[in-house]
Amino acid sequence: MYYFDNGATTFPKPQEVYEEIYKAMTEYGANPGRSGHDLALRASRGIYETREVVAKLFSVKNPMNIVFTYNCTESLNIAIKGLLKPGDHVITTSMEHNSVLRPIKHLESIGVENTIVWAHKDGQIDPDEIRNAIKRNTKLIVTTHVSNLTGTIMPVKEIGIIAREHGIAYLLDAAQSAGVYPINAEELGVHMIAFPGHKGLLGPQGTGGLYIREELQIDQFIQGGTGSASYSLNQPEEMPDKFESGTPSSPGIIGLGKGIEYINKRGIDNIRNHEEELTSYFIQEVARIDGIRLYGPLDTSKQGAVVALNIRDLDSSEVSFVLNEEFGIYVRPGLHCAPLAHETIGTMEQGAVRFSFGPFNTQEELDYAVRALHRISKEL
């Protein structure tokens, strides 16, 4: 098995993640925050410990400003729909995932305006174009940190400065960067960070979260039991209870904590350097194959561990099918839930074959993939 689909979800996870999830399920699988007995308290402690390690990862002082969700999509919906009101204006980019674009397009129906800043052919955004898109009623800027299609690293620090200068909230989609690139909420000037647990943070699927800066007023759109203020029929305003209705995925969140502990132990810089070396090597090797077209900056100082390519005019799904069936190589073809990004790089009709690398991939695996692409290019 040769797994290069870490942009969708990392696989495998560190062994300690599996072990802690199993322990949480079998030793203390009670409902956290709902009871006072030992098992419920142990589950509650495990969740809070994960909240602390997430806060530390993003250099957030108060762990209670970390809200747990079931995925990054839910986090983005909470942030976008909870902040924007009729008459507001939001700025985003053509490199965004549908998890950003669809909520924003949905809000058009209630009178929320939007401007989509188009990236250059390699996926890069000019911060000045963000600045020029600002209007009197602009309330939010939303950008990805790393493109899920081209791996392009966005100029988030520069955009953060622009947001601060104009008193605009900045939401960062860290779906492809959390756990690989250092994210300091204060230094980057971001007001909200949406993140999945199951990608670079090495946790299980069904986990994610949202950092919300204290001064932001965000409406919740799900109400219910929180285990707190049970005497009241109104949703608590206290963080994070305001956004955490219903029974959480205790084993998942606790497993996520173990994933972050693994990152801290191995070192986020070491993980990033490993992925950069793999990406640079892969780009160098596949660029030599006749018929291969590569997309994005093709420079690991500007690109994460995501490489999109095509072979001549072959359909990307056909190439992916052959990689899977004949070589046991797992990648993702198609439009990657990012149609405007494909319009930006000119692959809307063909799609692209995406290789995305993780901390457990090796150069030997990449060599095998390069040989497979070479054969496909010659034979199809």
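Bear in mind that the values here come from a model prediction, so they are computed numbers and not experimental data.

A. Representation of helix α1 (residues 15–27) within the structure. Its 13 residues place the ends of α1 18 Å apart at the C-alpha level, agreeing with the 18 Å of an ideal helix rising 1.5 Å per residue. Regarding α1, the residues found buried are V17, E20 and A24. In a view along the axis of α1, the buried residues occupy a sector of 70 degrees, so they form one face of it. Relative to its buried face, α1 has exposed residues pointing more than 90 degrees away, namely Y22 and M25. Taken together, the buried residues of α1 touch α8 (250–266).

B. A look at helix α10 (residues 316–327). Its twelve residues give α10 an end-to-end C-alpha distance of 16 Å, which sits within 8% of 16 Å, the value for a rise of 1.5 Å per residue. Listing the buried residues of α10 in full gives S316, V319, S320, V322, L323 and F327. Axial view of α10: buried residues confined to an arc of 160 degrees, hence all on one face. Opposite the buried face of α10, at more than 90 degrees from it, the exposed residues are F321 and E325. At its buried positions, α10 is contacted by β1 (2–3), β10 (306–311), β11 (329–330), β12 (353–356) and α12 (363–379). Between a side-chain oxygen at the N-terminus of α10 and the backbone nitrogen of S317 the separation is 2.9 Å; the capping residue is D315. Count one or two residues on from α10 and you reach G328, which has phi positive near 65 degrees.

C. Layout of the packing of aromatic side chains. In the structure shown here, the tally under the stated rule is nine aromatic pairs. Taken together, a centroid distance of 4.0 Å and an interplanar angle of 20 degrees make the contact between Y2 and Y368 stacked. With Y2 in strand β1 and Y368 in helix α12, this residue pair connects regions lying 366 residues apart in the sequence. On the basis of relative accessible area, Y2 is assigned to the partly exposed category, the value being 25%. Aromatic side chains F4 and F357 sit 5.7 Å apart centroid to centroid with 85 degrees between the ring planes, which places their arrangement in the edge-to-face category. On the criterion of sequence distance, the pair formed by F4 in the loop between β1 and α1 and F357 in the loop between β12 and α12 is long-range, its members being 353 residues apart. Note on accessibility: F4 and F357 belong to one class, buried. Members of the aromatic cluster, each reached through a chain of ring pairs, are F4, F282, F355 and F357.

D. Geometry of the environment of I21. Summarising the element assignment, I21 is placed in helix α1. It is 41 Å that separates the C-alpha atoms of I21 and T344, two residues lying 323 residues apart in sequence. In contact with I21, not counting residues within four places along its chain, are P204, P251 and G255.

E. Expanded view of the pairing of strand β3 (residues 89–93). Of all five residues that make up β3, five are buried, and the element is covered over most of its length. Side chains H89, I91 and T93 project from β3 onto one buried face, and the interleaved V90 and T92 project onto a second face that is buried too. Taken together, the five bridges between β3 and strand β4 (residues 113–117) define a ladder with parallel strand orientation. Counterpart to I91 in the pairing with β4 is T115. As a crossover connection, the stretch from β3 through helix α4 (residues 98–107) into β4 is right-handed.

F. Up close: the pairing of strand β6 (residues 169–173). The buried fraction of β6 is high, at five of five residues. Examined bridge by bridge, strand β5 (residues 138–144) and β6 share five bridges and lie parallel to one another. Bridging across to β6, L140 finds its partner in A169. Regarding the hand of the β-α-β motif, the stretch spanning β5, helix α6 (residues 156–166) and β6 is right-handed. Pairing between β6 and strand β7 (residues 192–196): three bridges, direction parallel. Note on β7: the bridge partner recorded for L171 is M192.

G. Quick look at the nonpolar core. Residues F58, I141, Y170, I183, I193 and L201 are the most contacted members of the largest nonpolar core, which totals 51 residues. In this structure, F4, F327, L366 and L373 belong to the second largest nonpolar core, which totals 28 residues.

H. Representation of the environment of G206. For G206, the position within the fold is in the loop between β7 and β8 (208–212). Given the relative accessible area of 29%, G206 is considered partly exposed. Residues G206 and I254, 48 residues apart in the sequence, show an inter-C-alpha distance of 12 Å. For G206, the residues in contact, after removing those within four places along its chain, are T69, Y70 and S249.

Conventions and cut-offs
Residues numbered from 1 in each chain as written. Predicted model: local features only at pLDDT ≥ 70, side-chain atom pairs only at ≥ 80, totals over all residues. Heavy atoms only, no water. Helix = DSSP H or I, 4+ residues; strand = E, 2+ residues; numbered from the N terminus. Expected span 1.5 Å × (residues − 1). Buried < 20%, exposed > 50% of the residue type's maximum accessible area, 1.4 Å probe, protein only. Arc of directions from axis to C-beta. Contact = heavy atoms within 4.5 Å. Polar contact = N/O pair within 3.5 Å; in protein donor to acceptor, adjacent residues only side chain to side chain. Phe/Tyr/Trp six-rings, centres within 6.5 Å; stacked < 30°, edge-to-face > 60°. Pairing = 2+ DSSP bridges. Right-handed = clockwise from strand over helix to strand, strands pointing away. Core = buried A, V, L, I, M, F, W, Y, C linked by side-chain atoms within 4.5 Å.

That's the geometry; what it means functionally is another story.
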